[in-house]
Amino acid sequence: MLTLDPRESVRLRRFWRHHFEECSRLSQAYEAACNAFIESGGATRNPRPPAYPPFPNKLRGLPCGTRNRQGEPCKRTDLMLNGRCKFHGGMSTGPRSAAGQSRALANLAKRWAPDRHEAWDERRP
Ligand SMILES: [Zn+2]
């Protein structure tokens, strides 16, 4: 499994993402149904947990496969949702939703607030 054809690797990783997107979609629909049930105060039927698709056998043991600094493909099989390991998944792209971006900006303003620095300067010997 470690020597994968690059095209096959791309295809499997796409399939990996597709599988987890499908699971995530089911999970979100279930969560929405649960919230509707809670808001209705028990008037509607209690939602049943979704039947998640089984993990595909051809994805078992799929290695990360990124070329590491030794020039060999990464052998880790504990992959994240993007089909790569924790070392090769890439950096965070930051908050995506408008709410998340405004939260990040608020934290930035808090971090660089002038009075915060004045307090720090007073403490400095
Ligand atoms: Zn890796």
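Residues numbered from 1 in each chain as written. Predicted model: local features only at pLDDT ≥ 70, side-chain atom pairs only at ≥ 80, totals over all residues.

## Section: the overall build of the chain
Consideration 1: If you tally the helices and strands in the chain, you get three helices and zero strands.
Consideration 2: Against the globule reference of 14 Å for 125 residues, the chain gives a C-alpha radius of gyration of 23 Å, more extended than a compact globule.
Consideration 3: For the chain, buried positions account for 5% of its 125 residues.
Consideration 4: When contacts within the chain are restricted to residue pairs at least 6 apart in sequence, long-range pairs at least 24 apart make up 38% of them. (Helix = DSSP H or I, 4+ residues; strand = E, 2+ residues; numbered from the N terminus. Rg over C-alpha atoms; globule rule 2.2 N^0.38 Å. Buried ≥ 20, exposed ≤ 12 C-beta atoms within 10 Å, placed from the backbone. Contact = placed C-beta atoms within 7 Å.)

## Some words on the confidence of the model for the chain
Consideration 1: Here the chain averages 88 in pLDDT, while 95% of its residues score no lower than 70.
Consideration 2: Looking across the chain, the model is least confident in helix H3 (residues 114-123), with a mean pLDDT of 73, and most confident in helix H2 (residues 98-111), with 93. (pLDDT = per-residue confidence, 0-100.)

## Quick notes on the domain arrangement of the chain
Consideration 1: Taken domain by domain, the chain holds domain 1 (6-90) and domain 2 (95-125).
Consideration 2: Between the C-alpha centres of domain 1 and domain 2 the distance comes to 35 Å. (Domains from an automatic or database assignment.)

## Re the environment of Gln-28
Consideration 1: Structurally, Gln-28 can be placed in helix H1 (residues 6-39).
Consideration 2: Taking the number of C-beta atoms within 10 Å as the measure of exposure, Gln-28 has 11 and is therefore exposed.
Consideration 3: Between the C-alpha atoms of Gln-28 and Pro-50, which are 22 residues apart in sequence, the distance is 10.0 Å.

## What to know about the environment of His-18
Consideration 1: For His-18, the position within the fold is in helix H1.
Consideration 2: Taking the number of C-beta atoms within 10 Å as the measure of exposure, His-18 has 11 and is therefore exposed.
Consideration 3: Considered as a pair, His-18 and Ala-36 are 18 residues apart in the sequence and their alpha carbons are 27 Å apart.

## Observations regarding H1
Consideration 1: Spanning 34 residues, H1 covers 49 Å between terminal C-alpha atoms, matching the ideal 50 Å at 1.5 Å per step.
Consideration 2: By the criterion of burial, H1 is predominantly exposed, with just two of the 34 residues buried.
Consideration 3: Trailing H1 by a residue or two, Gly-41 shows a phi angle of about 70 degrees, which is positive. (Expected span 1.5 Å × (residues − 1).)

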